[in-house]
Amino acid sequence: MNNDFRDGGARRVGQVKEVTSLSNPIIKDIKALSQKKSRDETKSFMAEGLKLVIDALELGWTIKTLIYSKAAKGKPSVEQVAVKTVASGGLVLEVSEKVLSSVTRRDNPQMVVGIFEQRWTALKGIKPQEGETYVALDRVRDPGNLGTIIRTADAAGASGVILVGESTDPFSLETVRATMGSVFAVPLARATPEEFLAWKKTSGTQIVGTHLAGAVDYRTINYKKKPVVLLMGNEQSGLPEALAKEADALARIPQAGRADSLNLAVATAVMLFEVRRHLLTLDALA
């Protein structure tokens, strides 16, 4: 991998380069971020769109490389982001639309793309406080579901998302797109089922799981007595018994139609806004 991009290499910082060739080594490295192996090796990921890049910088994320199309050159907001990138030691690439389409795998790409350093929160460092809610997802597989859940967690004011077991990558291009920028606002943690259950014992939380065998109407649970961890199961198989039996409550969402289940992201949204209903007011939008 090219030294302009790899963490351990002698990356020349604070540079602005013009790139028009798809065979440029830096472009090849950036395109490789579509593969999880490359994202893991470089601890990097890609985010598309000027607003997302601006939001990430305002939230203190580390930008490694800023890429923008020639058509965006001279726009004040793009120039400001470029200046910030160079000042922080990042690389700025001015590229052709052909190169940008190749990087994003889109025919009509956003004019600005940022390459950021991944950020994880250690589960042992999470100490839920009164009024806080976390979403724990067991082996979530679908990038769209995960991205939508992260976005929903952000909208509902949840304090973080915990990935339990082997899950899809929250920093994949598909997941980041689905978060609509919320990946920069919602802390992410990961754990094995054993680590999660050990943390639960000392976390001072109540675990509310959703289960088809759940006997409790999700609207009747007291979500005010302790911080809540909303535990949602895998898309295909739901919560495994080992996790379900450790929940303080197993809830169910009543349904009246022919469908016997909800999409994971939809079910999580329904549950999450009920968990936080007593904490959400329209006044917060004023």
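The structure reproduced in this document is the subject of the present report. (Residues numbered from 1 in each chain as written. Predicted model: local features only at pLDDT ≥ 70, side-chain atom pairs only at ≥ 80, totals over all residues. Heavy atoms only, no water.)

## Some thoughts on the sheet that holds strand E12 (residues 249-252)
Okay, step 1: Strands sit in the order E8-E7-E6-E11-E9-E12-E10 across an open sheet of seven strands; the sheet is parallel. A single partner strand is all that each edge strand has here, and the edge strands are strand E8 (188-191) and strand E10 (216-217).
Okay, step 2: As paired strands, strand E6 (residues 133-138) and strand E11 (residues 228-232) are joined by five bridges and run parallel to one another. Residue Leu137 lies in a different strand from E11, and its bridge partner there is Met232.
Okay, step 3: Helix H8 (residues 193-203) contacts E6, strand E7 (160-164), E8, strand E9 (206-210) and E11 of the sheet and is inclined by roughly 135° relative to E7. (Pairing = 2+ DSSP bridges. Helix = DSSP H or I, 4+ residues; strand = E, 2+ residues; numbered from the N terminus. Contact = heavy atoms within 4.5 Å. Axes fitted to C-alpha atoms, helices over the stretch in contact; angles between N-to-C directions.)

## A short note on the packing of helix H6 (residues 143-156) against helix H10 (residues 264-275)
Okay, step 1: One can describe the packing of H6 onto H10 by two numbers: an axis separation of 9 Å at closest approach and a directional angle of 15°. Taken together, the axis directions place H6 and H10 in an arrangement best described as roughly parallel. Seen along the crossing, H6 lies across H10 with a hand that is right-handed. Residues Asn145, Thr148, Ile149, Thr152, Ala153, Ala155 and Ala156 of H6 lie in contact with H10, whose contacting residues are Leu264, Ala265, Thr268, Ala269, Leu272 and Phe273.
Okay, step 2: Taken together, the residues of the contact of H6 with H10 sort by class into nine nonpolar, four polar and no charged. (Parallel < 35°, antiparallel > 145°, perpendicular 65-115°, else oblique. Left-handed = near helix turned anticlockwise from the far one by under 90°. Nonpolar A, V, L, I, M, F, W, Y, C, P; charged D, E, K, R; others polar.)

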